[in-house]
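A structural walkthrough
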Amino acid sequence: MRPPSPRRPGGKRERPAAPSRAETPTRDTDEASPASSEQARSSRGEGSSRRRGASKREASERGANRRSTSERFAQRRSRQRGEEPSEASAERGSRGRGDESSSALERRRTRGTVATPVGTADAATLLGSVEATDLGDRLRERTRARRMLLLRRIGLSVVTVVVVTAVGWVAFFSPLFALSSANVQVTGQDGRLVTVESVRSSVSSFEGVPLTRLNTAAVAHAVLSNVAVKTVTVSRRWPTGLKVSVTMRTGMVVEAAEGAYWLVDDQGERFEQVGGVGGYPLVTLPEDRARGASDVASVLGALDESTRSQVSAISSTGNQVTFTLRGGQTVKWGTSEDAPQKARVLATLLANVKATTYDVSAPNHPVTS
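In this report, the structure presented in the accompanying data block is examined. Because the structure is predicted, anything quoted here is derived from the model rather than measured.

1. Quick word on the pattern of salt bridges
Per the counting criterion, the structure on display carries eight salt bridges. Among the ionic pairs, aspartate 137 bridges to arginine 140, the shortest N-O distance being 2.1 Å. Here aspartate 137 pairs with arginine 140, and both are found in helix α4 (residues 135–172), just three residues apart, close to one helical turn. You can call aspartate 137 partly exposed: its relative accessible area is 40%. The class of arginine 140 is partly exposed, set by a relative accessible area of 46%. When the shortest N-O distance is used, the salt bridge between arginine 270 and glutamate 258 registers 3.9 Å. With arginine 270 in strand β6 (residues 270–274) and glutamate 258 in the loop between β4 (253–257) and β5 (260–264), this pair connects stretches of sequence that are twelve residues apart. For arginine 270, a relative accessible area of 29% puts it in the partly exposed group. In this structure glutamate 258 comes out as exposed when scored by relative accessible area, which is 68%.

2. Quick word on helix α9 (residues 339–352)
With 14 residues, α9 should cover 20 Å at 1.5 Å per step; its first-to-last C-alpha distance of 20 Å lies within 8% of that length. Listed as buried for α9 are Ala339, Lys342, Ala343, Val345, Leu346 and Leu349. Down the axis of α9, the smallest arc covering the buried residues is 170°, so these residues share one side. In this structure, α9 carries Arg344, Ala351 and Asn352 as exposed residues pointing more than 90 degrees from its buried face. Where the residues of α9 are buried, they touch α7 (289–302), α8 (305–308), β9 (321–325), β10 (330–334), β11 (357–359) and β12 (367–368).

3. Some details on the side chain of threonine 307
Looking at the secondary structure, you find threonine 307 in helix α8. The exposure class of threonine 307 is buried, given its relative accessible area of 5%. Apart from residues lying up to four places away in sequence, threonine 307 is in contact with Leu325, Leu346 and Leu350.

4. Description of the nonpolar core
Leu303, Ile314, Phe323 and Trp333 are the most contacted members of the largest nonpolar core, which totals 25 residues. Contributions of two or more residues to this core are made by α7, β8 (311–316), β9, β10 and α9. When near neighbours in sequence (up to four residues on either side) are disregarded, phenylalanine 323 contacts Val299, Leu303, Val311, Ala313, Ile314, Gln329, Thr330, Val331, Trp333 and Leu346. Listed in part, the 21 residues of the second largest apolar core include Val186, Val194, Ala220 and Leu242.

Procedures and definitions
- Residues numbered from 1 in each chain as written.
- Predicted model: local features only at pLDDT ≥ 70, side-chain atom pairs only at ≥ 80, totals over all residues.
- Heavy atoms only, no water.
- Salt bridge = Lys/Arg side-chain N within 4 Å of Asp/Glu carboxyl O.
- Helix = DSSP H or I, 4+ residues; strand = E, 2+ residues; numbered from the N terminus.
- Buried < 20%, exposed > 50% of the residue type's maximum accessible area, 1.4 Å probe, protein only.
- Expected span 1.5 Å × (residues − 1).
- Arc of directions from axis to C-beta.
- Contact = heavy atoms within 4.5 Å.
- Core = buried A, V, L, I, M, F, W, Y, C linked by side-chain atoms within 4.5 Å.

Structure below.
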């Protein structure tokens, strides 16, 4: 039973009334004051000790009640299951409660430990990892992997450079693809002015040059040094040969020059010396030999075979074309325009009109004399 509270029923502590100013303290009062304060302190100490004792008794009573309740419950379960006596059950229950409390304490300690920053290995251990992972080892492993990747890339680059260099040397500098003049194939030659040997001789300066570096335009220019060749086409024949296709010049007229007679083609090129005029017309060309030869070729090409065979001489000034027939007649052709119509008019006049001069420069109004 608790000691009576020093508070009043209203919950407030009773305070002694303050002495009146009118009262005058006496010596007896002064002597009684220490005694009364000592009695008050002793009474307060006794009240506190009584309260503490009552609290301890209540706590022990509650604990006993809980233990008796637990024992009765354990005995009841033992009777139902046919297990050990209540004392063994109680002992196991107290042991289980101890284990539970120790587990709870351990969990609290673990949570408190994890809540603070810890190392990687300690964190792995606290979180239940099978084996701790060292951060330093992982960093070293990553550095090693990066180094290996860099070395692999450098090695691959070096190998690539070596392979490309080797392939380039084999393709552009080794004798594997070097030109051999014996492997030069020639087509289109006449066997007289242009022969296989003459063509191979023209390209002999390129002997040993790999085909990958061979300038075919330069080879064609070398073949064209023979004036009897009008055009040439050069192609590679792997691995060490060439194919050279030539087109020969064809004589159209004969020109007297340098004390000899020369065959001239439709481009005005003298390409072959002959002993005489033969069956060709004797030509006279202006300074612009290419234009004059083109006009002559246009006139001779427009004439029919019978009239063309009668032409003995032909000349071109660059603007006007005039030719002479084997019978001595002169034909004033004019420019190379309207060549087909002029050829028809001339053939009609030669067949029907006897004259020494035939002017067909204006084919719609021909003149004879």
